[in-house]
Amino acid sequence: MSETIFTRIIKGQIPSHRVYEDEKVFAFLDIAPLSPGHTLVVPKEPAATLDVLSEESAAAVGRVLPRIARAVMAATGTRDYNVLQNNGAAAHQAVPHVHFHVIPRPDDARGLGVGWPSGRLEADAGKRMAAAVVAELAKG
Ligand code: AMP
């Protein structure tokens, strides 16, 4: 797979406003923020989507996300925020390198606007779906 822009940012080949780095994780400000402080938290491992990310990198990102979220909210004086993680073009993923958006929601006008076309989970369909997912998880 060819290198994404995020790999080049992690390597320092493209400038970024870095806010955090450790052995497995890199975080920097989004260049087109939905609100002030919009931050991207990226595993250094160049996995395209979350489902193919190693457990080690996933754990490293998960460990640091709360601390980065606290720092972004404190720096922006914001209390509410969204964490967004897109996978695949149809799900609005533009850069095929796993990343978590931390997006402050200071007010109704700034931050992530979410469309939420909810349905209704019927009992039988829920039973079948849960069983199908459990069966997949059992495969390891
Ligand atoms: P996604 O749609 O989830 O793939 O989000 C990709 C994000 O990467 C977008 O919010 C872009 O604004 C952001 N982005 C793309 N290029 C850069 C860059 N050079 N520096 C910082 N953020 C970037």
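Treat the numbers as computed from the prediction; the structure is a model and nothing was measured.

**A short note on the pattern of salt bridges**
Here comes step 1: Considering all chains together, one arrives at 7 salt bridges under this definition.
Here comes step 2: Lys 11 serves as the salt-bridge partner of Glu 3, at 2.3 Å between the closest nitrogen and oxygen.
Here comes step 3: Put simply, Glu 21 and Lys 44 hold a salt bridge, and the shortest N to O gap is 2.8 Å. You can see Glu 21 sitting in strand S1 (residues 18–21) and its partner Lys 44 sitting in the loop between strand S3 (39–43) and helix H2 (55–76), a full 23 residues away along the chain.
Here comes step 4: Taken together, the shared-partner salt bridges connect Arg 18, Glu 21 and Lys 44 into one network.

**Examining H2**
Each α-helix turn comprises 3.6 residues. Residues three or four places apart therefore point the same way.
Here comes step 1: Its 22 residues give H2 an end-to-end C-alpha distance of 31 Å, which sits within 8% of 32 Å, the value for a rise of 1.5 Å per residue.
Here comes step 2: Along H2, the sharpest change in direction is near 35° and occurs at Leu 65; proline Pro 66 comes one to four residues later.
Here comes step 3: Of the residues making up H2, those classed as buried are Ser 57, Ala 60, Val 61, Val 64, Leu 65, Ile 68, Ala 69, Val 72 and Met 73.
Here comes step 4: Check the buried side of H2 and you find it contacts S1, strand S2 (25–29), S3, strand S4 (81–84) and strand S5 (100–104).
Here comes step 5: Of the residues flanking the end of H2, it is Gly 77, one or two places downstream, whose phi is positive at about 65°.

**Points about the sheet that holds S4**
Here comes step 1: Pairing in this open sheet of 5 strands is antiparallel, and the strands run S1-S2-S3-S5-S4 from one edge to the other. Since the sheet does not close on itself, it has two edges, and those belong to S1 and S4, each with one partner. When strand polarity is set aside, the average angle formed by the axes of neighbouring strands in this sheet is 15°.
Here comes step 2: Note: S4 against S5, 4 bridges, orientation antiparallel. By the bridge assignment, Asn 82 is partnered in S5 with Ile 103.

**Overview of the site of the ligand**
Here comes step 1: Taken together, 16 residues lie around the ligand, and Asp 30, His 92, Ala 94, His 99 and His 101 are the ones closest in.
Here comes step 2: Between the ligand and the protein, one listed contact pairs an oxygen atom with a side-chain N or O atom of Asn 86 at 3.0 Å.
Here comes step 3: In the environment of the ligand, an oxygen atom lies 3.0 Å from a nitrogen or oxygen atom belonging to the backbone of Val 95.
Here comes step 4: Burial of the ligand by the protein chains amounts to 82% of its free accessible area of 500 Å².
Here comes step 5: It is helix H1 (residues 5–10) that contributes the most residues to the shell around the ligand, 3 residues altogether.
Here comes step 6: The class makeup of the residues in the shell around the ligand is 10 nonpolar, 5 polar and 1 charged.

**Considering the packing of aromatic side chains**
Here comes step 1: Enumeration according to the criterion identifies 2 aromatic pairs in this entry.
Here comes step 2: When the ring of Phe 6 is compared with that of Phe 28, the centres are 5.5 Å apart and the planes differ by 75°; the resulting orientation is edge-to-face. Placement of Phe 6 in helix H1 and of Phe 28 in strand S2 is noted, with a sequence separation of 22 residues between them. Just as Phe 6 is buried, Phe 28 falls in that class too.
Here comes step 3: Geometrically, the ring pair formed by Phe 26 and Phe 28 is tilted, given 5.9 Å between the ring centres and 55° between the ring planes. Both residues of the pair, Phe 26 and Phe 28, belong to the buried class.
Here comes step 4: Site record: aromatic cluster; members linked through ring pairs are Phe 6, Phe 26 and Phe 28.

Rules behind the numbers
- Residues numbered from 1 in each chain as written.
- Predicted model: local features only at pLDDT ≥ 70, side-chain atom pairs only at ≥ 80, totals over all residues.
- Heavy atoms only, no water.
- Salt bridge = Lys/Arg side-chain N within 4 Å of Asp/Glu carboxyl O.
- Helix = DSSP H or I, 4+ residues; strand = E, 2+ residues; numbered from the N terminus.
- Expected span 1.5 Å × (residues − 1).
- Bend = angle between axes of the 7 residues up to and from the residue.
- Buried < 20%, exposed > 50% of the residue type's maximum accessible area, 1.4 Å probe, protein only.
- Contact = heavy atoms within 4.5 Å.
- Pairing = 2+ DSSP bridges.
- Axes fitted to C-alpha atoms, helices over the stretch in contact; angles between N-to-C directions.
- Near = heavy atom within 4 Å.
- Polar contact = N/O pair within 3.5 Å; in protein donor to acceptor, adjacent residues only side chain to side chain.
- Areas by Shrake-Rupley, 256 points an atom, 1.4 Å probe, with all protein chains shown as cover.
- Nonpolar A, V, L, I, M, F, W, Y, C, P; charged D, E, K, R; others polar.
- Phe/Tyr/Trp six-rings, centres within 6.5 Å; stacked < 30°, edge-to-face > 60°.

These values are about where atoms sit, not about what they do.
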